[in-house]
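Working through the structure, step by step
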Amino acid sequence: MKPAVRHQSGFSMLAMMLFIVIGVFLLTVVVRVVPVYIEDFTLSSIIGSMEESRPYREAETVGDVRELLRKRIQMENIDGVDVDEIAMERDGERLRLEFSYEVRSPFMGNIDTVIQFDHQHELRMP
């Protein structure tokens, strides 16, 4: 009687190495990109919650609003946006904020990630 031919099952060394390389690449993408989006979400939530704050309700001019926004951005340690580059336009009882910025961060070696954000917010003026 001939012994049955048995085939090896499981990952080969090449497949395992490829799996590890892909996993490390995906982990690197997550570690480099997710903090940028978290910072952008924080910036949007700062602007969105400004209407409800007492200092905003006491602000009389666009300059006061800009200074309040500068303090909040500094307090949250957001580096990607400069408050002076935020266009603020008062239209009667509304304040329109428009700005765009990009965040460039190192990815691997000489490869960088560039993520661009465009925002438009409208707030009620006190």
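Note that this is a predicted model, so its numbers are computed, not measured.

The rules behind each value
- Residues numbered from 1 in each chain as written.
- Predicted model: local features only at pLDDT ≥ 70, side-chain atom pairs only at ≥ 80, totals over all residues.
- Heavy atoms only, no water.
- Salt bridge = Lys/Arg side-chain N within 4 Å of Asp/Glu carboxyl O.
- Helix = DSSP H or I, 4+ residues; strand = E, 2+ residues; numbered from the N terminus.
- Buried < 20%, exposed > 50% of the residue type's maximum accessible area, 1.4 Å probe, protein only.

1. A look at the pattern of salt bridges
By the definition in use, this model includes seven salt bridges. Among the salt bridges present, the one from E58 reaches R54, with a minimum N-O distance of 3.1 Å. Here E58 and its partner R54 are both found in helix α2 (residues 54-58), four residues apart, which amounts to about one turn of the helix. The residue D84 makes a salt bridge to R70 at a minimum N-O spacing of 3.0 Å. Here R70 lies in helix α3 (residues 62-75) and D84 lies in the loop between α3 and β1 (87-91), a separation of 14 residues in the sequence. Among the residues examined, R70 registers a relative accessible area of 27% and is labelled partly exposed. Each of the salt bridges in this network shares a partner with another, and the network as a whole consists of E67, R70 and D84.

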